[in-house]
Amino acid sequence: MTDAPLILGFETSCDETGVAVVRGLEVLSSVLAAQVDEHARFGGVVPEVAARAHVEAIRSLTHRALRDAGVHSMDLDAVAATRGPGLAGALMVGFSYGKALAWALDVPFLGVDHMEGHLFAPRFENPEYQPPAVVLLASGGHSQIVHLKAWGDYEVLGSTIDDAAGEAFDKLARFLGLGFPGGPAIDRESTDGDAAAIDFPRALPDRPFDLSFSGLKTAVTTFVREHHSAGDLPPMADLAAAIQEAIVDVLVTKTMNAVSAVGAPAVAGGGGVLANRRLRERLTEACAAAGVALHLPSPRFCTDNGAMIAAAAGFRLSRGEVSTPDAEIDSSLRLGA
Ligand code: KG4
Ligand code: ZN
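Cut-offs and rules
- Residues numbered from 1 in each chain as written.
- Chains lettered and ligands numbered in written order.
- Predicted model: local features only at pLDDT ≥ 70, side-chain atom pairs only at ≥ 80, totals over all residues.
- Heavy atoms only, no water.
- Helix = DSSP H or I, 4+ residues; strand = E, 2+ residues; numbered from the N terminus.
- Rg over C-alpha atoms; globule rule 2.2 N^0.38 Å.
- Contact = heavy atoms within 4.5 Å.
- Areas by Shrake-Rupley, 256 points an atom, 1.4 Å probe, with all protein chains shown as cover.
- Expected span 1.5 Å × (residues − 1).
- Disulfide = S-S within 2.5 Å.
- Buried < 20%, exposed > 50% of the residue type's maximum accessible area, 1.4 Å probe, protein only.
- Core = buried A, V, L, I, M, F, W, Y, C linked by side-chain atoms within 4.5 Å.
- Donors = N, O, S within 2.8 Å, 3.2 Å for Na, K, Ca; no water.
- Pairing = 2+ DSSP bridges.
- Axes fitted to C-alpha atoms, helices over the stretch in contact; angles between N-to-C directions.
- Parallel < 35°, antiparallel > 145°, perpendicular 65-115°, else oblique.
- Left-handed = near helix turned anticlockwise from the far one by under 90°.
- Near = heavy atom within 4 Å.
- Polar contact = N/O pair within 3.5 Å; in protein donor to acceptor, adjacent residues only side chain to side chain.
- Nonpolar A, V, L, I, M, F, W, Y, C, P; charged D, E, K, R; others polar.
- Salt bridge = Lys/Arg side-chain N within 4 Å of Asp/Glu carboxyl O.

A. Spatial organisation of the overall build of the protein. Broken down by element type, the protein carries eleven helices and ten strands. Taken over C-alpha atoms, the radius of gyration comes to 20 Å for the protein, in line with the 20 Å a tight globule of 337 residues would show. Here the analysis covers contacts within the protein between residues at least 6 apart in sequence; of these, 72% occur between residues at least 24 apart. As displayed, the protein offers around 14100 Å² of accessible surface, 52% of which is attributable to carbon and sulfur atoms.

B. Seen up close, helix 8 (residues 236-262). The terminal C-alpha atoms of helix 8, which comprises 27 residues, lie 39 Å apart, in line with the 39 Å expected from a rise of 1.5 Å per residue. Just downstream of helix 8, Gly263 is the residue with a positive phi angle, here 65°.

C. Spatial organisation of the state of the cysteines. Enumeration over the complete set of coordinates arrives at zero disulfides. Between Cys14, a cysteine without a disulfide, and Cys302, which holds the nearest cysteine sulfur, the sulfur-to-sulfur distance is 16 Å. Residue classification places Cys14 among the partly exposed residues on the basis of a relative accessible area of 24%. Between Cys302, a cysteine without a disulfide, and Cys287, which holds the nearest cysteine sulfur, the sulfur-to-sulfur distance is 14 Å.

D. Looking closely at the nonpolar core. One finds Phe200, Ile243, Ile247, Leu251, Leu274 and Leu279 to be the most contacted residues of the largest nonpolar core, which totals 45 residues. No other element matches helix 8, which puts 13 residues into this core. Sequence-distant contacts of Leu251, defined by excluding residues within four places in its chain, comprise Leu136, Ala165, Leu211, Phe213, Val273 and Leu279. With 33 residues, the next largest nonpolar core counts Met308, Ala310, Ala311 and Ala313 among its residues.

E. Quick look at the coordination of the zinc ion (ligand 2). Bound to the zinc ion (ligand 2) on the protein side are His114 (NE2), His118 (NE2) and Asp304 (OD), at distances that span 2.0 to 2.1 Å. Read from N- to C-terminus, the donor residues coordinating the zinc ion (ligand 2) fall into the pattern H-x3-H-x185-D. With His118 in helix 4 (residues 114-120) and Asp304 in the loop between helix 10 (299-302) and helix 11 (306-318), the pair connects residues that are 186 residues apart, well separated along the chain.

F. How the structure looks around the sheet that holds strand 7 (residues 143-150). Taken in spatial order, the five strands line up as 8-7-6-9-10 in an open sheet, and their pairing is mixed. Every interior strand has two partners, whereas the edge strands, strand 8 (153-159) and strand 10 (293-295), have only one. If you compare each strand with its neighbour and ignore which way they point, the axes differ by 25° on average. For strand 6 (residues 133-138) and strand 9 (residues 266-270), the ladder comprises four bridges, and the chain directions are parallel. Within strand 9, the residue paired with Val134 across the bridge is Val267.

G. Inspection of the packing of helix 8 against helix 9 (residues 277-290) at higher detail. Relative to each other, helix 8 and helix 9 sit at 30°, their axes nearing to 10 Å. Looking at the two axes, helix 8 sits roughly parallel to helix 9. Read as a crossing pair, helix 8 and helix 9 show a hand that is right-handed. On helix 9, the residues that touch Gln244, Glu245, Val248, Asp249, Leu251, Val252, Thr255 and Met256 of helix 8 are Arg278, Leu279, Arg282, Leu283, Ala286, Cys287 and Ala290.

H. Local environment of the site of ligand 1. Taken together, 20 residues lie around ligand 1, and Gly140, Asp170, Asp187, Gly272 and Asp304 are the ones closest in. At a separation of 2.7 Å, an oxygen atom of ligand 1 approaches a polar side-chain atom of Asp170. One of the backbone N or O atoms of Gly183 is found 3.0 Å from an oxygen atom in ligand 1. Relative to its unbound accessible area of 560 Å², ligand 1 is 89% covered by the protein chains. Where the shell around ligand 1 is concerned, the elements lending two or more residues are helix 4, helix 5 (165-175) and helix 6 (182-189). Looking at the shell around ligand 1, the element that brings in the most residues is helix 6, giving four residues. Taken together, the residues of the shell around ligand 1 sort by class into five nonpolar, twelve polar and three charged.

I. Seen up close, the pattern of salt bridges. Applying the stated criterion across every chain yields a total of 16 salt bridges. The partner of Glu155 in a salt bridge is Lys149, with the nearest N and O atoms 3.1 Å apart. Using a relative accessible area of 34% as the deciding quantity, one classes Glu155 as partly exposed. Linking Asp163 and Lys217 is a salt bridge whose minimum nitrogen-to-oxygen distance equals 3.1 Å. Residue Asp163 is located in the loop between strand 8 and helix 5, and its partner Lys217 is located in helix 7 (residues 214-230); the two are separated by 54 residues in the primary sequence. Asp163 sits in the buried class, given a relative accessible area of 8%. Judged by its relative accessible area of 24%, Lys217 falls in the partly exposed class. Salt bridges sharing partners connect three or more residues here, namely Asp199, Arg202, Glu245, Asp249, Arg278, Glu281 and Arg282.

Put into structure tokens, the structure is as follows:
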């Protein structure tokens, strides 16, 4: 794919500054400046803090991405940045920087849908990943089950009616004092836990593709308060494993419901929650049992990164879709809408 365009991608929709250089399916460099420490003391992402940190990181990170890739900015064929959804102030940093750089280099600029980036991310390591497929997108801000009919043609079959899966992990980890971000903390804590020790509820059993996590939050907080007062609270590892199992179980069940409903031959996944070890294990088992292929990115491409933005931009560019100079961010952009 050496004749594929060389694209610089920026991702600044939330709390990670991601910059990458991609050519076709080849990631030449992908660098990140995580802001975990800045937000951890607040127990969550603070929008103003995030925007400021992007401003501070983006210039040197861009130099690093180009250097790691061994390319000069003059070699770039296009520049892309996340257009939405996400935090407005944070999005604006990468978008404005990318747009200005493209203008200065006299190359096309592409504003990219963050969720389309997650849809493309499995391609780097699974080149056989092609539509049609059912894609589970689960992150801190979104949980969706998407029917990928063709590149560029996405039908959202189901989504969360309240909290996103990653948000549920984050809020419950905070409640349990396990730290931020909550997903990796619960994933780690559950290693030696017994998931069957507590049976937390699975929401919306009658709705095949939709998700809900606010009931789980209530069930866990009630359970912990009651058992704490009674002095018989189960070990933290069991609590973490049972919470993780409840979230994972619903994600896997609804994804496989979608596979049966649309008759898809493959499943893919994207978003930070797909880094979860138990989710990956359960999806692997479910797809093997259903006889469908499974395409998961490695954890570094599940969480937010600039490479996925450049990959989605490559597809858009191949269709001649470039952003105009007056393009703006759209913090509430919706996939398939
Ligand atoms: O895709 P992402 O990096 O950013 C957003 O677009 O939101 O996802 C971040 C989310 C956080 O809620 C984080 O707790 C969750 O992904 N996450 C995980 C794991 N790693 C990250 N959730 C469960 N298990 C993990 N190992
Ligand atoms: Zn994301």
